[in-house]
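Structural features, examined
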Amino acid sequence: MDDVFVYIIAMDPLVKEQVVSNPDGTFTIFINDYLSPERRLKAYNHALLHIKNGDFDKRKDVDIIECEAHGAVC
């Protein structure tokens, strides 16, 4: 995706990734450098799922959005 920027940075070990919706319509994904390469890819794909699902436009509690993203009954 041309409108997604990805950075691997030092983060709290409990945080796998963070996605930011930028004012210009692009997104920035921050991935924890603490993760293994396999876990980084999984975190990246999870972040992309939120972007593709339009989760940043939803007016729902973040816990519900995460629940739905993981296919759980919320």
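The preceding data block contains the structure.
Residues numbered from 1 in each chain as written. Predicted model: local features only at pLDDT ≥ 70, side-chain atom pairs only at ≥ 80, totals over all residues. Heavy atoms only, no water.

Scanning the model with the defined rule gives one aromatic pair in all. Here the aromatic rings of Tyr-7 and Phe-30 are separated by 6.0 Å at their centres, their planes lie at 25°, and the arrangement is stacked. Of this pair, Tyr-7 sits in strand β1 (residues 4-9) while Phe-30 is found in strand β3 (residues 27-32), placing the two residues 23 residues apart along the sequence. (Phe/Tyr/Trp six-rings, centres within 6.5 Å; stacked < 30°, edge-to-face > 60°. Helix = DSSP H or I, 4+ residues; strand = E, 2+ residues; numbered from the N terminus.)

Below, the discussion takes up the side chain of Glu-17. Following the sequence through the fold, Glu-17 ends up in strand β2 (residues 17-21). Comment: no salt bridge for buried Glu-17; closest opposite-charge side chain is Lys-16, at 6.9 Å. (Buried < 20%, exposed > 50% of the residue type's maximum accessible area, 1.4 Å probe, protein only. Lys, Arg positive; Asp, Glu negative; His and termini not counted. Salt bridge = Lys/Arg side-chain N within 4 Å of Asp/Glu carboxyl O.)

Here we take up the environment of Asn-22. Along the chain, the position of Asn-22 falls in the loop between β2 and β3. Separated by 18 residues in sequence, Asn-22 and Val-4 place their C-alpha atoms 9.7 Å apart. Non-local contacts of Asn-22, meaning those with residues more than four positions away in its chain, are made with Phe-27 and Thr-28. (Contact = heavy atoms within 4.5 Å.)

As for its placement among the helices and strands, His-46 is situated in helix α1 (residues 37-52). Judged by its relative accessible area of 13%, His-46 is buried. For the pair His-46 and Val-19, spaced 27 residues apart in the sequence, the C-alpha separation amounts to 9.9 Å. At a separation of 3.0 Å, a polar atom in the side chain of His-46 contacts the side chain of His-50. (Polar contact = N/O pair within 3.5 Å; in protein donor to acceptor, adjacent residues only side chain to side chain.)

Right, let's talk about the sheet that holds β2 for a bit. If you trace the three strands from one edge of the open sheet to the other, you get β1-β3-β2, paired in mixed fashion. Strand pairing shows two members of the sheet lacking a second neighbour, β1 and β2, which therefore form its edges. In this sheet, neighbouring strand axes are inclined to one another by 20° on average, regardless of whether the strands run parallel or antiparallel. Taken together, the six bridges between β1 and β3 define a ladder with parallel strand orientation. Note on β3: the bridge partner recorded for Val-4 is Phe-27. Contacting β1, β2 and β3, α1 runs over the sheet at an angle of about 155° to β3. (Pairing = 2+ DSSP bridges. Axes fitted to C-alpha atoms, helices over the stretch in contact; angles between N-to-C directions.)

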